[in-house]
Amino acid sequence: MALSAALLSASKERELEMINLNSSMEVISRESIMVAYSEPVHPIMQFDPSDSSYLYLMTSHQIARVKVAACDQYTKCTDCLAAADAYCGWCTLETRCSLQHECAHSEESYFWISANEGVQQCPSMTTMPSEINIENENEGMIIQINGNIPNMNGMEIACNYGNNIQTTAKIHPQSHNQVIYCSFLPRESYPAFPLNQDHVIIQTAVQVNGKNIVWANFTIYDCKRTGNIYPKTACISCLSAKWKCYWCPRRSSCVSNVTECENSVQIT
């Protein structure tokens, strides 16, 4: 869907109306820009020859230089592109909505995503696995990148787990920047489980040149806590948990590995 912008003004109005149109000339969005208080705007306008993101307007008593788009009002990629503003796009490695010339390396692929490309191209990520048994020794995590991101070869890439904890990250050489392998959060850095919960949710982000560009949550769970939290219904709670938990009749406990207990039962 190609977008274009039209600027409208009436001689008796003090506002400039910007209309964004699609390729079928249908109105996608409208935005009013206040130019001068109680003064009509002259219909003859001129873009700034040194910066086309500004427009020179005339009223009865003054000349105003007005920015044609307020991209920085959008803090999320989906909001930025959904606004369908022909001037605004998402600056991927700076994680901000901007005019194209305000984004570094915007002339290169995927450094700047225009509204034409649609919100489905906004960068996001999925962690694999997304649910992790606390008893397992996890050396790494695979991150699937969705949407558009630029070529990150030669850039400093890390996985950021918060609390000043970063681990090394590597791009799969044949994944076109879509698959990243991260060293896992060190066990000694696991956060404490909330009171009366059998899991803790952790956010991780892919960090490029010191800036988080995409992020997602994953869960660490503990089946033993599932049984202990609900002692009167331990078996039912264990077998109905959303995690892969098993009930061990001999030990009357909830376990995460069926090999821990003979005659274990799992509900599927």
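Residues numbered from 1 in each chain as written. Predicted model: local features only at pLDDT ≥ 70, side-chain atom pairs only at ≥ 80, totals over all residues. Heavy atoms only, no water.

A. Highlighting the sheet that holds strand E10 (residues 124–128). Across the sheet, eight strands lie side by side as E10-E12-E15-E14-E13-E16-E17-E11; this open sheet has mixed pairing. Two strands in the sheet have a free side with no partner beyond their single neighbour: E10 and strand E11 (131–133). This sheet shows a mean twist of 30° between the axes of neighbouring strands, independent of strand direction. Strand direction decides the pairing type here: strand E13 (residues 157–160) and strand E14 (residues 166–171), joined by three bridges, are antiparallel. Opposite Cys159, over in E14, you have Thr167 as the bridge partner. (Pairing = 2+ DSSP bridges. Helix = DSSP H or I, 4+ residues; strand = E, 2+ residues; numbered from the N terminus. Axes fitted to C-alpha atoms, helices over the stretch in contact; angles between N-to-C directions.)

B. The state of the cysteines, seen in detail. Under the counting rule described, the total for this entry stands at seven disulfides. Here Cys159 pairs with Cys182 through a disulfide, and the sulfurs are 1.4 Å apart. Of the two residues, Cys159 is situated in strand E13 and Cys182 in strand E15 (residues 179–183); the sequence distance between them amounts to 23 residues. Take Cys159 and Cys182: they sit in the same class, and that class is buried. (Disulfide = S-S within 2.5 Å. Buried < 20%, exposed > 50% of the residue type's maximum accessible area, 1.4 Å probe, protein only.)

C. Local environment of the packing of aromatic side chains. Inspection of every chain in the model, using the stated rule, returns five aromatic pairs. Centre to centre, the rings of Phe184 and Phe218 are 5.6 Å apart; their planes meet at 55°, and the pair counts as tilted. Taken together, the residues span a long stretch of sequence, with Phe184 in the loop between E15 and strand E16 (199–208) and Phe218 in strand E17 (residues 211–221) at a distance of 34 residues. The exposure class assigned to Phe184 is buried, which follows from its relative accessible area of 5%. With relative accessibility at 0%, the residue Phe218 sits in the buried group. (Phe/Tyr/Trp six-rings, centres within 6.5 Å; stacked < 30°, edge-to-face > 60°.)

D. Main features of the nonpolar core. In terms of nonpolar packing, the biggest core is built from 30 residues, with Ile143, Phe184, Val206 and Ile220 touching the most fellow members. For this core, the element with the highest residue contribution is E17, accounting for five residues. The next biggest cluster of nonpolar side chains, apart from the first, holds 11 residues, and it includes Cys77, Cys80, Cys88 and Trp90. (Core = buried A, V, L, I, M, F, W, Y, C linked by side-chain atoms within 4.5 Å.)

E. Inspection of the sheet that holds strand E9 (residues 112–114) at higher detail. Read from one edge to the other, the open sheet built from three strands follows the order E8-E7-E9, with strand pairing classed as antiparallel. Each edge of the open sheet is held by one strand with a lone partner, namely strand E8 (96–99) and E9. Each neighbouring strand pair of the sheet contributes to a mean axis angle of 40°, computed without reference to strand direction. Pairing of strand E7 (residues 88–91) with E8 involves four bridges; the strand directions are antiparallel. Residue pairing for E8: Gly89 is matched across the bridge by Ser98.

F. Seen up close, the pattern of salt bridges. Under the counting rule described, the total for this entry stands at three salt bridges. In this structure, Glu94 and Arg96 form a salt bridge, with 2.7 Å as the shortest nitrogen-oxygen distance. Its relative accessible area of 32% is what places Arg96 among the partly exposed residues. The closest approach of N and O atoms between Arg187 and Glu137, which form a salt bridge, is 3.6 Å. A residue pair is termed long-range when its members are at least 10 positions apart, and Arg187 in the loop between E15 and E16 and Glu137 in the loop between E11 and strand E12 (140–146) qualify at 50 residues. On the accessibility criterion, Glu137 (65% relative accessible area) is exposed. (Salt bridge = Lys/Arg side-chain N within 4 Å of Asp/Glu carboxyl O.)

These figures capture arrangement, not role.
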